[in-house]
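Remarks on the overall topology
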Amino acid sequence: MAKMSSGSKSSGAIERLLRAGTNDHYEDPALYDFEYDDQREDVEWYRARAREFSSPHPILELGAGTGRITIPLLEDGHRVVAVDRKQSMLDRLNAKVDRLDDARLEISESDICALPNHARSVGMVLAPFNVLMHLYTWDRLLACFEEVERVLRPGGMFCFDVLLPDLEWLLLDPDLHHCRTRFIHPETKRAMVYSTNHTYDHETQVAHIRIHYHDAIGRGARVRPEIPPRKTVQLAHRQIWPEELRCLLHLAGLELRSLEGDFDGDRLTHDAESQVVVAQKPTKKRGA
Ligand SMILES: C[S@@+](CC[C@H](N)C(=O)[O-])C[C@H]1O[C@@H](n2cnc3c(N)ncnc32)[C@H](O)[C@@H]1O
């Protein structure tokens with residue numbers, strides 16, 4: 001990451017922002033689960049792909065987090081290797097699995113650019129919910145794709161989703177707060193107001209999102225503007241364009257099968273939120 005530079009910020013400051021942007025949001029796994037509890041479309045899509053491409057070999061899930069996708073896959077009878085670098089997220093996944101008492105799960109605290117040694121043994125690799133947007137340079141993304149190619153069995157599938165860069169959203173005023181929502185923290189039971197703003201770095205293609213948590217005033221989503229938020233969390237998302245995905249998948253020796261807009265199989269048009277991708281490791285090496 002050290003080679004990154006942008007605008008007036010020193011490379012040290014950018015590195016710190018990126019480190020926070022890949023950690024902060026995952027420090028409170030109970031809040032993470034609460035915030036994404038009603039997101040179901042992607043869960044159903046990954047379950048369907050696992051059924052469609054089912055094989056007796058394990059599924060390897062990159063950035064498995066608290067197991068939003070992992071647990072339904074286990075419930076469907078799959079064997080899963082869950083990879084994540086964040087202990088706090090894996091601890092929560094572990095606690096859920098303890099309840100299921102499931103021996104079909106292997107948990108690995110690793111970086112998705114240096115996977116545990118499962119060479120040519122995995123039937124399918126998944127990278128759900130923008131995990132790949134935490135790889136902040138094209139060479140990190142390529143390293144990850146090469147690892148996917150290494151662990152997959154010939155013919156194995158690689159399924160993932162990343163946001164489609166939204167130019168209008170990226171260029172919003174960095175000082176304006178959006179998505180103001182009142183909620184009760186699932187553990188502290190404190191009434192809080194969530195809002196976000198962000199700054200887009202054109203040079204590195206990274207959106208530095210700030211998620212602010214204020215104490216709520218009264219019953220609505222009002223806050224006292226003179227009082228600073230109880231906490232502000234950084235989330236850094238590298239924007240990845242469709243042609244980058246096609247290029248890097250190709251360089252890693254993977255073949256693109258489909259690149260769709262969202263989980264309902266639509267074309268990738270300006271109103272799609274996500275790029276939903278299926279790629280495959282060819283059964284024969286190129287040129288063989
Ligand atoms: C948005 S969450 C997605 C979690 C889960 N897949 C889901 O759908 O809810 C991203 C996850 O990727 C993990 N992550 C980010 N960068 C990573 C890396 N380089 N190696 C391993 N895990 C990473 C984070 O710790 C976090 O748990």
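I will try to describe carefully the structure that is included in this document. (Residues numbered from 1 in each chain as written. Predicted model: local features only at pLDDT ≥ 70, side-chain atom pairs only at ≥ 80, totals over all residues. Heavy atoms only, no water.)

Here we look at the nonpolar core
In terms of nonpolar packing, the biggest core is built from 56 residues, with Leu62, Val125, Leu132, Phe145, Phe158 and Phe160 touching the most fellow members. Once residues lying within four places of it in the same chain are set aside, the contact partners of Leu132 are Ile112, Ala127, Leu141, Cys144, Phe145, Phe158, Phe160, Val162 and Ile240. Tyr26, Tyr32, Tyr194 and Tyr200 belong to the second-largest nonpolar core, a separate cluster that totals 16 residues. (Core = buried A, V, L, I, M, F, W, Y, C linked by side-chain atoms within 4.5 Å. Buried < 20%, exposed > 50% of the residue type's maximum accessible area, 1.4 Å probe, protein only. Contact = heavy atoms within 4.5 Å.)

Some words on the sheet that holds strand 4 (residues 122–127)
A sheet is described by the order of its strands in space; here 7 strands give the open sequence 3-2-1-4-5-11-10, paired in mixed fashion. For this open sheet the edge positions go to strand 3 (105–109) and strand 10 (255–261), each flanked by a neighbour on one side alone. Each strand axis lies, on average, 15° off the axis of its neighbour in the sheet, ignoring direction. Sheet topology places strand 5 (residues 152–163) next to strand 11 (residues 274–280); 7 bridges connect them, and they run antiparallel. Its bridge partner being in strand 11, Cys159 is matched across the sheet by Val278. Running over the sheet, helix 3 (residues 41–52) touches strand 1 (59–62), strand 4, strand 5 and strand 11 and is turned about 170° from strand 5. Its contacts with the sheet place helix 6 (residues 138–151) against strand 1, strand 4 and strand 5, and it is angled at close to 150° to strand 5. (Pairing = 2+ DSSP bridges. Helix = DSSP H or I, 4+ residues; strand = E, 2+ residues; numbered from the N terminus. Axes fitted to C-alpha atoms, helices over the stretch in contact; angles between N-to-C directions.)

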